[in-house]
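# Working through the structure, step by step
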Amino acid sequence: ARLDGALALFVSYILTTAIRPQPWLAVGAALTALGTLMGRQYRTGTNLRSNLYVIGLAVSGGGKDHARNAIKEAFLAADLATHLGGNRIASGAGLLTALYRQPASLFQIDEFGQFLASIIDKRRAPKHLAEIWDLLTELSTSAGSTFFGAEYADQHLKPRQDIIQPCCGIHATTVPDTFWTA
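Here we summarise the structure given alongside this text. (Residues numbered from 1 in each chain as written. Predicted model: local features only at pLDDT ≥ 70, side-chain atom pairs only at ≥ 80, totals over all residues. Heavy atoms only, no water.)

## Concerning a nonpolar patch on the surface
- Residues I55, L57 and W180 make up a contiguous nonpolar surface patch of roughly 310 Å² in combined accessible area.
- Overall, I55 belongs to the partly exposed group, its relative accessible area being 35%. (Patch = residues over 30% accessible without salt bridge, like charges linked within 9 Å, V, L, I, M, F, W, Y side chains within 5 Å. Areas by Shrake-Rupley, 256 points an atom, 1.4 Å probe, with all protein chains shown as cover. Salt bridge = Lys/Arg side-chain N within 4 Å of Asp/Glu carboxyl O. Buried < 20%, exposed > 50% of the residue type's maximum accessible area, 1.4 Å probe, protein only.)

Below is the structure:
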């Protein structure tokens, strides 16, 4: 009830178009969407940015997917779809390639508990998945500076790709049991 401005409008849009309105999920979703769009344009006096990682937990059938779909529809209608990252992040290299293409990107990941379980265990996760966790950690603290990409032996074939002020937003949803197990 105390929201205002663009945040209140976006939350209202999500709630009024939902079959099962979920106010807390709508606020989290709207924050990640607006944070991504504002990401490289606004900062605090201490250089904090709006790159948010938000996880929405709800039981199956609880309406978790509506906010993700509402964001997708709104971004498409406003010609902002370039700010939507893929629904899946298949590798660390894929994450960096997406952010190099569009430094302010929102990744909306369903079944995040399963995704988290597949990337967080460094002993069992394949390297291309395990590096996602490290990159998400590093990107969250690099938003106010330049993220220097990977160095490869053949710089002519594969030059380093630096990302200036990366704004990687995560809007994830999952069921509680899967999340807490991961």
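## Examining helix α3 (residues 64-77)
- Among the residues making up α3, those that are buried are K64, A67, R68, A70, I71 and F75. Down the axis of α3, the buried side of the element spans an arc of 160°, and every buried residue falls inside it. Opposite the buried face of α3, by more than 90 degrees, sit the exposed residues L76 and A77.
- Contacts from the buried residues of α3 go to α1 (5-16), α2 (23-38), β1 (53-57), β2 (104-109) and β5 (167-174).
- With its phi angle positive at about 60°, D79 sits one or two positions after the end of α3. (Helix = DSSP H or I, 4+ residues; strand = E, 2+ residues; numbered from the N terminus. Arc of directions from axis to C-beta. Contact = heavy atoms within 4.5 Å.)

## Description of the state of the cysteines
- Applying the stated rule across the entire model yields zero disulfides.
- Take C167: it sits in no disulfide, and the sulfur closest to it among the cysteines is that of C168, at 7.8 Å.
- By relative accessible area, which is 1% here, C168 ends up buried. (Disulfide = S-S within 2.5 Å.)

## Overview of the packing of aromatic side chains
- Following the criterion strictly, the structure yields three aromatic pairs and no others.
- Aromatic pair F179 and W180: ring centres 4.8 Å apart, planes at 75°, arrangement edge-to-face.
- Residue classification places W180 among the exposed positions, given a relative accessible area of 62%.
- The aromatic ring of Y152 is capped on one face by K158, whose charged end is 4.4 Å from the ring centroid. (Phe/Tyr/Trp six-rings, centres within 6.5 Å; stacked < 30°, edge-to-face > 60°. Lys NZ or Arg CZ within 6 Å of the ring centre and 35° of its normal.)

## Details of unusual backbone geometry
- The phi dihedral of N47 falls on the positive side, at around 70°, and the residue is not glycine.
- Tracing the backbone shows N47 in the loop between α2 and β1.
- Using a relative accessible area of 28% as the deciding quantity, one classes N47 as partly exposed.
- Although it is not a glycine, D79 adopts a positive phi angle of roughly 60°.
- Position of D79 among the secondary structure elements: in the loop between α3 and α4 (92-101).
- Since its relative accessible area comes to 70%, D79 is described here as exposed.

## Some words on the pairing of β5
- In terms of burial, β5 is a largely internal element, eight of the eight residues being buried.
- Side chains C167, G169, H171 and T173 project from β5 onto one buried face, and the interleaved C168, I170, A172 and T174 project onto a second face that is buried too.
- Taken together, the six bridges between β2 and β5 define a ladder with parallel strand orientation. By the bridge assignment, Q108 is partnered in β5 with H171. (Pairing = 2+ DSSP bridges.)

## Here we look at the pattern of salt bridges
- On inspection of all chains with the given rule, the structure shows six salt bridges.
- Here R68 makes a salt bridge to D110, at a shortest N to O gap of 3.5 Å. Here D110 lies in the loop between β2 and α5 (112-120) and R68 lies in helix α3, a separation of 42 residues in the sequence.
- For D110, a relative accessible area of 35% puts it in the partly exposed group.
- Notably, a salt bridge pairs E151 with R160, separated by 2.9 Å at the nearest N-O pair.
- One network of salt bridges, with partners in common, ties together D121, R123 and R124.

## What to know about the packing of α4 against helix α6 (residues 127-140)
- Two numbers describe how α4 lies on α6: the axes approach to 7 Å, and their chain directions differ by 40°. Taken as axis vectors, α4 and α6 run oblique relative to one another. Contacts from G92, A93, L95, L96 and L99 of α4 reach α6 at H128, E131, I132, L135, L136 and L139.
- Class assignment for the residues of the contact of α4 with α6 results in eight nonpolar, two polar and one charged. (Axes fitted to C-alpha atoms, helices over the stretch in contact; angles between N-to-C directions. Parallel < 35°, antiparallel > 145°, perpendicular 65-115°, else oblique. Nonpolar A, V, L, I, M, F, W, Y, C, P; charged D, E, K, R; others polar.)

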